[in-house]
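Structural overview for review
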Amino acid sequence: MKYDKVVVDKKELEKLKTLFSTIQNGRDKTYRLSFEKLMDELKMAKLLDSSKMPEDVIRLNSIVTIKTSLSDEKKFQLVTPEKSDLSQNKLSVLAPMGLALYGYAENDEIQWEFPSGVNTITITKVEQPV
């Protein structure tokens, strides 16, 4: 892990907390595990002001390219749930993959449990929209 812990924009954390409060407990096991893992990581996260956020850290609206052990590279933008549209490669931060990636940086590798089982995700590129 590049920064030893997830890195989060202080203002975004408040927005995430609001989003998290809308999550229903009836989600499946994989989703709950993803959510709980991110919540644990956020407790130890490095909180920074927007102006000090590294450009290579995944946050809301970041454009992310990843590779997994089961697939070729995929590119998408991490967005709030209401902007999610997989046909336009816009992935909700509340989707299991979004929960898995939030706060990590370019070149990080993450072990995460998905519906298909535990998978290794390599973050190959992170871009911030202008």
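The structure this text deals with has already been given above.
Residues numbered from 1 in each chain as written. Predicted model: local features only at pLDDT ≥ 70, side-chain atom pairs only at ≥ 80, totals over all residues. Heavy atoms only, no water.

Notes on helix H1 (residues 10-20)
Rules: Here's how the labels work: a residue is buried when its accessible area is under 20% of the maximum for its type, exposed when over 50%, partly exposed in between, all with a 1.4 Å probe on protein chains only. Note on conventions: DSSP H or I runs of at least 4 residues are helices, E runs of at least 2 residues are strands, and numbering of each starts at the N terminus. Read the arc as the range of directions from the helix axis to the C-beta atoms. Distance and chemistry together define a polar contact, namely a pair of N or O atoms within 3.5 Å, with one atom able to donate a hydrogen and the other to accept it when in protein, and with adjacent residues in sequence counting only for side-chain atoms on both sides.
Those residues of H1 lying buried are Glu12, Leu13, Leu16, Leu19 and Phe20. Viewed along the axis of H1, the buried residues span an arc of 115°, placing them on a single side of the element. Among the exposed residues of H1, those oriented more than 90 degrees off its buried face are Lys11 and Thr18. The distance from a side-chain oxygen at the start of H1 to the backbone nitrogen of lysine 11 is 2.8 Å, and the residue carrying that oxygen is aspartate 9.

Describing the side chain of glutamate 41
Note the following rule: Positive charge is attributed to Lys and Arg, negative charge to Asp and Glu, and no charge count is given to His or to the chain ends. Within this document, salt bridges are pairs made up of a side-chain nitrogen of Lys or Arg and a carboxyl oxygen of Asp or Glu, the two lying within 4 Å of each other. Whether two residues touch is decided by their heavy atoms; if any such pair falls within 4.5 Å, the residues are in contact.
Of note, glutamate 41 is situated in helix H2 (residues 29-43). Comment: no salt bridge for buried glutamate 41; closest opposite-charge side chain is lysine 37, at 4.4 Å. A polar contact is formed between the side chain of glutamate 41 and the side chain of tyrosine 104, at a distance of 2.5 Å. Discounting residues that sit within four places of it in the chain, glutamate 41 has contacts with Val6, Tyr104 and Trp112.

Describing the pairing of strand S4 (residues 71-79)
The test is simple: Here, any two strands with at least 2 DSSP bridges between them count as paired.
In the sheet, strand S3 (residues 63-68) pairs with S4 via 5 bridges, with the strands oriented antiparallel. Bridging from a neighbouring strand, threonine 65 pairs with lysine 75 of S4. From the end of S3 to the start of S4, which pair antiparallel, there are 2 residues. Note: S4 against strand S5 (residues 90-92), 3 bridges, orientation parallel.

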